[in-house]
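# Architecture and fold: a report
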Amino acid sequence: MNTATVAIQSFPVSDLPILDARSVKADYGHLLVLTEDGTFHGINLDTGKTAILCSTSLPELPGGEEGSYFGAPAFHLHASADGRFAAVVVDRGRTGIVVDIASGKLTMQLDGGDYHEHTVPFSVGFTRFQGRNVLIHRTAWNRLDAADPATGESLTSRDIAVYEAGGARPDHYLDYFHGQLRLSPDGSRILDDGWVWHPVSVPRIWSVSDWLGSNPWESEDGPSIRDFPIREDWNIPACWIDDRHVALWGLSEWDEDEFEEVAKGPGVQILDAELKEQASPERWPMDLNGGKVRELFSDGQRLYIAEESGTTAWDIASRSQVSAWPNFLAHAFDAERGMLFAIESTAISGLRLPWASGNEGRLVK
């Protein structure tokens, strides 16, 4: 593993704490940042300048216990790739808003329903389809919809009958709690980290292109759906490696007889969206310090694992660790520019990856 040093750059934002940040490609810059007063800031990484873009009233944050199993409700920022629209949602809550960054106009009020919403992040994600921005969002515990974020116009209108107790299951009825959504790099597929009773996690991948283009019930029971082996927990760090493969944190195998996970350990499982239902993921064990893993990122050649003690880089082809940056907890990633970003209270720290700058290395501050 290479041990040369690299530097990080600090981008001050404001005097107020930062809630979240996302990588974008916009006229105003390369990072969209949200501070606790509801102000959106744009950071131009080429000039180092930060601009105030607009402000909004944030959704109400419900009360919750920090020590609860799923964690306390918290704000989460999502952004369209071009930086035009932002969604601010309450993870482990039911509400959210969509803002047109250019005008500051509130374009949508989001409601994900009040049935066990405390167990999952608010299901939401941006993609593009036929040249337009599309927002995918949860409208009930077991239903996703897609909309034009500029107007709120639904793009997935469909009818599903109510499931009456003791009655027959209606056509297309989905008994699945939608969880955190992650779009593939080209936006054609989605990873849904949701769960079913009793409860257990059932990661699933399905085609957004088919859903928006031909079958409005694709997200319920479409032929593109691939369900992967059961896990005990959901809300797991994950990322797309390319448009076909997903890396999901944590090694395990499912014991049907005991109805529990076995063979647990640090590492990732790689899911293949084109394999048949219930295909066994590839296991990749990793030797880490044992800190809690917060985020996973990939540029197609490497995996970046952000744990509480720092961030490490792993070469996918050789299955080896190639760099480590202690005390740098990566929160966002720009694969095109080759940069990882961490939130440092009122500033963003940016680390240019050594293979992007030509200097292999570890972090120094």
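Look up: the structure comes first, before these words.
My aim in this report is to walk through the structure given alongside it, one point at a time. Per-chain numbering applies: the sequence of each chain, read as written, is numbered from 1 onward. The predicted nature of this model means local features are confined to residues of pLDDT at least 70 and side-chain atom pairs, given and counted, to a pLDDT of 80 or more, with totals for whole chains, interfaces and linings taken over all residues. Values shown for side chains rest on all heavy atoms present in the structure; no hydrogens or waters enter the calculation.

Put simply, DSSP marks the helices as runs of H or I at least four residues long and the strands as runs of E at least two long, and each gets a number from the N terminus on. Turning to its location among the elements, serine 207 is positioned in strand S16 (residues 200-207). We define a polar contact as two N or O atoms separated by no more than 3.5 Å, with the added condition that, inside protein, one atom must be a possible hydrogen donor and the other a possible acceptor, whereas residues neighbouring each other in sequence contribute only through side-chain atom pairs. A distance of 3.4 Å separates a polar atom in the side chain of serine 207 from the backbone nitrogen of serine 209. Each residue touching serine 207, except ones within four places of it in the same chain, is listed here: Ser188, Glu218 and Ser224. The contact criterion used is simple: two residues touch if any of their non-hydrogen atoms lie within 4.5 Å.

So, about the pairing of strand S11 (residues 124-129). Each residue is assigned to one of three classes by its accessible area relative to the maximum for its type, calculated with a 1.4 Å probe on protein chains only: buried under 20%, partly exposed between the two thresholds, exposed over 50%. Taken across its six residues, S11 has five buried, putting it largely inside the fold. The turn joining S11 and strand S12 (residues 132-140), which pair antiparallel and follow one another in sequence, is formed by two residues; a positive phi near 50 degrees is taken by glutamine 130. A pair of strands counts as paired when DSSP detects no fewer than two bridges linking them.

Below, the discussion takes up the pattern of salt bridges. Throughout this description, the term salt bridge denotes a Lys or Arg side-chain nitrogen within 4 Å of a carboxyl oxygen of Asp or Glu. For the structure shown, the criterion picks out 21 salt bridges. Put simply, arginine 132 and aspartate 148 hold a salt bridge, and the shortest N to O gap is 3.0 Å. Note that arginine 132 is positioned in strand S12 and aspartate 148 in the loop between strand S13 (143-147) and strand S14 (177-183), a separation of 16 residues in sequence. Glutamate 282 is paired through a salt bridge with arginine 319; the nearest N and O atoms lie 2.3 Å apart. Separated by 37 residues along the polypeptide, glutamate 282 in strand S21 (residues 282-285) and arginine 319 in the loop between strand S24 (310-315) and strand S25 (320-326) bring together distant segments of the chain. Overall, the relative accessible area of 39% leaves glutamate 282 in the partly exposed class. Looking at arginine 319, the relative accessible area reads 29%, which means it is partly exposed.

Turning next to the sheet that holds strand S6 (residues 49-55). Sheet strands associate in pairs through backbone hydrogen bonding, adopting either a parallel or an antiparallel arrangement. Strand order in the open sheet formed by four strands is S3-S4-S5-S6, with antiparallel pairing between adjacent strands. One side of each edge strand has no neighbouring strand; the edge strands of this open sheet are strand S3 (18-26) and S6. Adjacent strand axes in the sheet meet at a mean angle of 25 degrees, parallel and antiparallel pairs treated alike. By the bridge criterion, six bridges tie strand S5 (residues 39-44) to S6 in an arrangement that is antiparallel. Across the sheet, the residue bridging to glycine 42 is alanine 51, located in S6. Lines fitted to the C-alpha atoms define the axes, with helices restricted to the stretch that makes contact. Angles between their N-to-C directions range from 0 to 180 degrees.

With an omega dihedral of 10 degrees, the bond running from histidine 198 to proline 199 counts as a cis peptide bond. Mapped onto the fold, proline 199 is located in the loop between strand S15 (189-196) and S16. Positive phi outside glycine occurs at histidine 116, with the angle close to 55 degrees. Position of histidine 116 among the secondary structure elements: in the loop between strand S10 (105-111) and S11. For histidine 116, a relative accessible area of 24% translates into the label partly exposed. Residue asparagine 235 is not a glycine yet carries a positive backbone phi of 60 degrees. Along the chain, the position of asparagine 235 falls in the loop between strand S17 (226-227) and strand S18 (238-240).

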